Amino acid sequence: MFGWVAGFFTYETTKSVVVKSWSVGIINRVAQLLIIIYFVGWVFVHEKAYQVRDTGIESAVMTKVKGFGFFSDNLMDVADYVMPAQGTSVFCIITAMYITANQTQGTCPEHDSKFNCTTDLDCEEHKYSNLGDGIKTGKCITEVDRCEMLGWCPAENDTQEIKPMEEAKNFTIFIKNSIRFPLFNVIRGNIKQSTNLSCLFDPINNTDCPIFRVADVLKYADEDFENISTKGGEIGINIAWVCNLDFHVDNCKPKYSFTRLDSAFKNSKISRGYNFRFAKYFRSEDGQEYRTLHKAFAIRFDILVSGTAGKFNLIPTVINVVAAGTSVGLATVLCDIILLNFLKGAKQYKAKKFEEVSESFSMSPSLDLDTKCSQMTIKQEEMSSNNSGAYSFGHQV
């Protein structure tokens, strides 16, 4: 038991082998330097690994659009061209519409040419189709060579040419964004007390302004108003809060970026752009209900908020410093691989680095404890006097 306890409380150290080789030495120092540069430049400076981070951002967005335009000689204001009207983070600005007025429920011919017919048999195959403007009755109206449908009549005609509302390019979008980082209890907003609300956002000269001109947003997203206003599309306004809380909280500001979210379909022949339908309902004095149907082509805006905040903390700092110090030792592993496998004198290096120790003598049972201890002491003294534990040899490269 005493021997086990004495063996447990010992310290073992590795033997140092000094290799006098310019090539291996240069490789070793270059590898160490690269590792240090990586940790200092990337891990600590760029990634700020000494900080604790909060990515669970809480955000609220309110929007408001302003502007007037003309469509089909009718004046359009915000209540006419913005959907929905609540001012949420997702809204649409209508730029073009097909309007079908005074629709009432009844039977009438379909308008689309895909429902051409000469007999009722031609309409039977469309009887359970969900395409078109209503339920197909299976009858053919021979006067116009179209299948009959039951629904809101007259059917919508969306083949006529329409001109978009050109004034929409000068509409303005006001964005109010409030965020909170719960880990640090930091609350920020994108509007300063000194902000002049008659400003317009500029990515260079006026980055703090929360008011965006529609044409400018499209330009920043590499889009053209004339191309997107006819068939519609989806634009993303990204608000990124990247805050270093080691500095004053006033330096925590949003950065805006813009992109077209439906760019994969902007040249598609099957499903291009963005459109939707809505109706305004009326009732005549005699109780007859009728409506005006609108097929709207719109630019849909999505306000996307993301963010991360970081602040110095001792725990990640210590962890990454230890990781950096440990990683420097990888240079030694690399040099050992080179020395043991690729350079001349590898056998000599192996002989110095690795030693096989076998039991040189067996202890006789007749020896008493004092004799054993004295022999072990002599062996230890011989080792300590003749073997320093370090070797140095020149290496021919």
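All of these numbers come straight from a predicted model, not from anything done at the bench.

A.B. asks: Got a minute to help me understand the packing of helix 7 (residues 314-328) against helix 8 (residues 330-341) in this structure?
C.D. replies: How two helices sit against one another is set out by the angle between their axes and by the gap between those axes. Contact geometry of helix 7 with helix 8 gives a least axis separation of 4 Å together with a crossing angle of 15°. Compared by their axis directions, helix 7 and helix 8 come out roughly parallel. Contact residues: T326, S327 and V328 in helix 7; L330, A331 and T332 in helix 8.

A.B. asks: Just checking my understanding: could you explain the confidence of the model for the chain for this structure?
C.D. replies: Low pLDDT marks stretches whose predicted atomic positions should not be read closely. For the chain, the average pLDDT comes to 86, and 88% of its residues sit at 70 or higher. In the model, residues 361-393 has pLDDT below 50 throughout and makes 27 contacts with residues more than four positions away in sequence or in other chains.

A.B. asks: Help me understand the side chain of K295 in this model?
C.D. replies: By the secondary structure assignment, K295 is in strand 16 (residues 289-312). A relative accessible area of 10% means that K295 is categorised as buried. A polar contact of 3.0 Å, which involves the side chain of K295, links it to the side chain of D158. Excluding residues within four positions of it along the chain, K295 makes contact with A96, M97, Y98, E156, D158, N275, F276 and R277.

A.B. asks: Could you clarify how one ought to interpret the packing of aromatic side chains in this entry?
C.D. replies: Aromatic ring pairs are reported here in terms of the distance separating the ring centres and the angle at which the planes meet. All told, the structure shown has 16 aromatic pairs when counted by the stated rule. Measuring from centroid to centroid gives 5.9 Å for Y98 and F297, while their planes differ by 70°, and the two rings are edge-to-face. Of the two residues, Y98 sits in strand 7 (residues 90-109) while F297 sits in strand 16, which places them 199 residues apart along the sequence. Take Y98 and F297: they sit in the same class, and that class is buried. Three or more aromatic residues joined by ring pairs make a cluster, and in this case those are F201, F212, Y220, Y256 and F258.

A.B. asks: Looking at this model, I keep getting lost on the pattern of salt bridges. Mind explaining?
C.D. replies: Any two side chains of opposite charge can pair, given that their charged atoms come close. The full count for this structure, using the stated rule, is 15 salt bridges. Linking D112 and K114 is a salt bridge whose minimum nitrogen-to-oxygen distance equals 2.8 Å. Residue classification places D112 among the partly exposed positions, given a relative accessible area of 32%. By relative accessible area, K114 is classed as partly exposed at 43%. A salt bridge links D208 to K192, with the shortest nitrogen-to-oxygen separation between them at 3.2 Å. You can see D208 sitting in the loop between strand 11 (186-189) and strand 12 (211-213) and its partner K192 sitting in the loop between strand 11 and strand 12, a full 16 residues away along the chain. Each of the salt bridges in this network shares a partner with another, and the network as a whole consists of E223, R260, D262 and K266.

A.B. asks: What's the story with a nonpolar patch on the surface in this structure? I'm lost.
C.D. replies: Among the surface-exposed residues, W22, I26, V30, L33, L34 and I37 lie close enough to one another that they form a single nonpolar patch of about 690 Å² accessible area. Here V30 shows up in helix 2 (residues 22-46). V30 gets classed as partly exposed once you look at its relative accessible area, which sits at 42%.

A.B. asks: Just to check I follow, could you spell out the nonpolar core for this structure?
C.D. replies: Nonpolar side chains in soluble globular proteins tend to end up buried together. Of all hydrophobic cores here, the largest spans 48 residues; its most connected members are Y81, I93 and F301. Counting residues per element, this core draws most heavily on strand 16, which supplies 6 residues. With sequence-adjacent residues up to four places away left out, I93 is seen in contact with V65, Y81, F171, I173, V214, F297, A298, I299 and F301.

A.B. asks: Would you explain the side chain of E234 in this entry?
C.D. replies: Among the structural elements, E234 can be located in strand 13 (residues 233-244). Polar contacts involving the side chain of E234 include one to the side chain of R300, which spans 3.4 Å. Not counting residues up to four positions away in its chain, the partners in contact with E234 are T259, R260, L261, D262, R300 and D302.

A.B. asks: Is there a simple way to think about the state of the cysteines in this case?
C.D. replies: Should the sulfur atoms of two cysteines be covalently bonded, the bond is a disulfide. All told, the structure shown has 5 disulfides when counted by the stated rule. Covalent S-S linkage joins C108 and C153, the inter-sulfur distance amounting to 2.1 Å. Handedness of the C108-C153 disulfide follows from its S-S torsion of about -85°: it is left-handed. Here C108, found in strand 7, pairs with C153, found in strand 9 (residues 146-153); they are 45 residues apart in sequence, far enough to count as distant. Judged by its relative accessible area of 10%, C108 is buried. Paired by a disulfide, C243 and C252 hold their sulfur atoms 1.8 Å apart. Handedness here is read from the sign of the S-S torsion; for C243 and C252, about 55°, the answer is right-handed. For C243, a relative accessible area of 4% gives the class buried. Sequence-ordered numbering of the disulfide-bonded cysteines in the chain gives the connectivity 1-6, 2-4, 3-5, 7-8, 9-10.

Calculation rules
Residues numbered from 1 in each chain as written. Predicted model: local features only at pLDDT ≥ 70, side-chain atom pairs only at ≥ 80, totals over all residues. Heavy atoms only, no water. Axes fitted to C-alpha atoms, helices over the stretch in contact; angles between N-to-C directions. Helix = DSSP H or I, 4+ residues; strand = E, 2+ residues; numbered from the N terminus. Parallel < 35°, antiparallel > 145°, perpendicular 65-115°, else oblique. Contact = heavy atoms within 4.5 Å. pLDDT = per-residue confidence, 0-100. Buried < 20%, exposed > 50% of the residue type's maximum accessible area, 1.4 Å probe, protein only. Polar contact = N/O pair within 3.5 Å; in protein donor to acceptor, adjacent residues only side chain to side chain. Phe/Tyr/Trp six-rings, centres within 6.5 Å; stacked < 30°, edge-to-face > 60°. Salt bridge = Lys/Arg side-chain N within 4 Å of Asp/Glu carboxyl O. Patch = residues over 30% accessible without salt bridge, like charges linked within 9 Å, V, L, I, M, F, W, Y side chains within 5 Å. Areas by Shrake-Rupley, 256 points an atom, 1.4 Å probe, with all protein chains shown as cover. Core = buried A, V, L, I, M, F, W, Y, C linked by side-chain atoms within 4.5 Å. Disulfide = S-S within 2.5 Å.

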